[in-house]
Amino acid sequence: MKVIDNFLPETDFKLAQALMMDYGFPWMWNDSVTKEVGYGDPDEFQFIHLFYHPMSGVVTDYPRWLEIIKPYADRMNATSLMRIKANLNVATKEHITREFHTDFNVKCTTAIAYINNNNGYTLFEDGTKVESKENRVVIFDSQMRHAGIPCTDEKRRVVINFNFI
């Protein structure tokens with residue numbers, strides 16, 4: 001596992017952050033936070049934006065998506081993409097430990113890019129905690145089980161998940 005602060009140059013990051021935190025960014029409702037959690041639990045939801053899907057390629061219709069994704073993908077040398085998905089978790093009254101999961105069933109690399117500062121975090125099954133700090137990226141083997149823990153101090157926690165070879 002590798003945690004990298006100040007992952008992007010400030011101008012690239014501030015543009016990506018401004019676009020994703022803007023009221024006009026298109027978020028979609030998702031009834032589940034992880035694939036292990038059943039649908040319908042009112043405490044288990046999030047908003048997502050799917051940029052890239054392995055079966056369909058680019059699936060977003062957001063016109064400025066490349067301005068967000070390209071600087072990250074270039075810096076990660078992510079030439080063979082599996083999936084790129086952004087998650088928005090709304091604040092909860094207390095930290096809720098979600099189900100541990102893997103993002104992909106096949107061996108690849110996962111990178112989580114943190115878009116805003118908040119007291120939420122990524123928790124790994126071994127107890128490692130990576131705090132949500134803007135312009136931070138954590139890169140790890142896709143088979144490492146992890147959980148996104150929502151924040152309690154801001155309105156939302158926003159991350160982008162990259163899965164690539």
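None of these values were measured; they are calculated from a predicted model.

### A look at the side chain of N163
Step number 1: By secondary structure assignment, the location of N163 is in strand β11 (residues 156–164).
Step number 2: When neighbours within four sequence positions are excluded, N163 is seen to be in contact with L81, M82, R83, D103, F104, C108, T109 and T110.

### So, the confidence of the model for the protein chain
Step number 1: Per-chain confidence: the protein chain averages 92 in pLDDT, with 93% of residues scoring 70 or above.
Step number 2: Ignoring residues within four places in sequence, the model shows residues 36–40, a span with pLDDT below 50, making 10 contacts including any to other chains.

### Quick notes on helix α2 (residues 65–76)
Spacing of three or four residues puts side chains on the same side of an α-helix, whose turn is 3.6 residues.
Step number 1: Look at α2: 17 Å from first C-alpha to last across 12 residues, which is about the 16 Å you get at 1.5 Å a residue.
Step number 2: Looking only at α2, the buried set comprises I68, I69, P71, Y72, A73 and M76.
Step number 3: As for α2, its buried residues are in contact with α1 (10–21), β3 (46–53), β5 (81–90), β6 (109–114), β9 (136–141) and β11.
Step number 4: Where α2 terminates, the next one or two residues include N77, which has phi positive at roughly 55 degrees.

### Focus: α1
Step number 1: In a regular helix each residue adds 1.5 Å, so 12 residues correspond to 16 Å; α1 covers 16 Å between its end C-alpha atoms and thus fits that length.
Step number 2: Looking only at α1, the buried set comprises F13, A16, Q17, L19 and M20. Buried residues of α1, viewed axially, fall in a sector of 165 degrees; they line one side. Away from its buried face by more than 90 degrees, α1 exposes E10 and T11.

### Side note on the packing of aromatic side chains
Step number 1: Across all of its chains, the model carries 9 aromatic pairs by this definition.
Step number 2: Their ring planes at 10 degrees and their centres at 6.0 Å tell us that F7 and Y72 sit as a pair that is stacked. Of this pair, F7 sits in the loop between β1 (2–4) and α1 while Y72 sits in helix α2; the two residues are 65 residues apart in sequence, bridging distant segments of the chain. Take F7 and Y72: they sit in the same class, and that class is buried.

### Things to note about the environment of S142
Step number 1: In this structure, S142 sits in the loop between β9 and β10 (146–149).
Step number 2: Residues contacting S142, with those up to four places away along its chain left out, are T102, D103, F104, V106, K107, C108, T109 and T110.
Step number 3: At a separation of 3.3 Å, a polar atom in the side chain of S142 contacts the side chain of Q143.

Quick notes on the rules
- Residues numbered from 1 in each chain as written.
- Predicted model: local features only at pLDDT ≥ 70, side-chain atom pairs only at ≥ 80, totals over all residues.
- Heavy atoms only, no water.
- Helix = DSSP H or I, 4+ residues; strand = E, 2+ residues; numbered from the N terminus.
- Contact = heavy atoms within 4.5 Å.
- pLDDT = per-residue confidence, 0-100.
- Expected span 1.5 Å × (residues − 1).
- Buried < 20%, exposed > 50% of the residue type's maximum accessible area, 1.4 Å probe, protein only.
- Arc of directions from axis to C-beta.
- Phe/Tyr/Trp six-rings, centres within 6.5 Å; stacked < 30°, edge-to-face > 60°.
- Polar contact = N/O pair within 3.5 Å; in protein donor to acceptor, adjacent residues only side chain to side chain.

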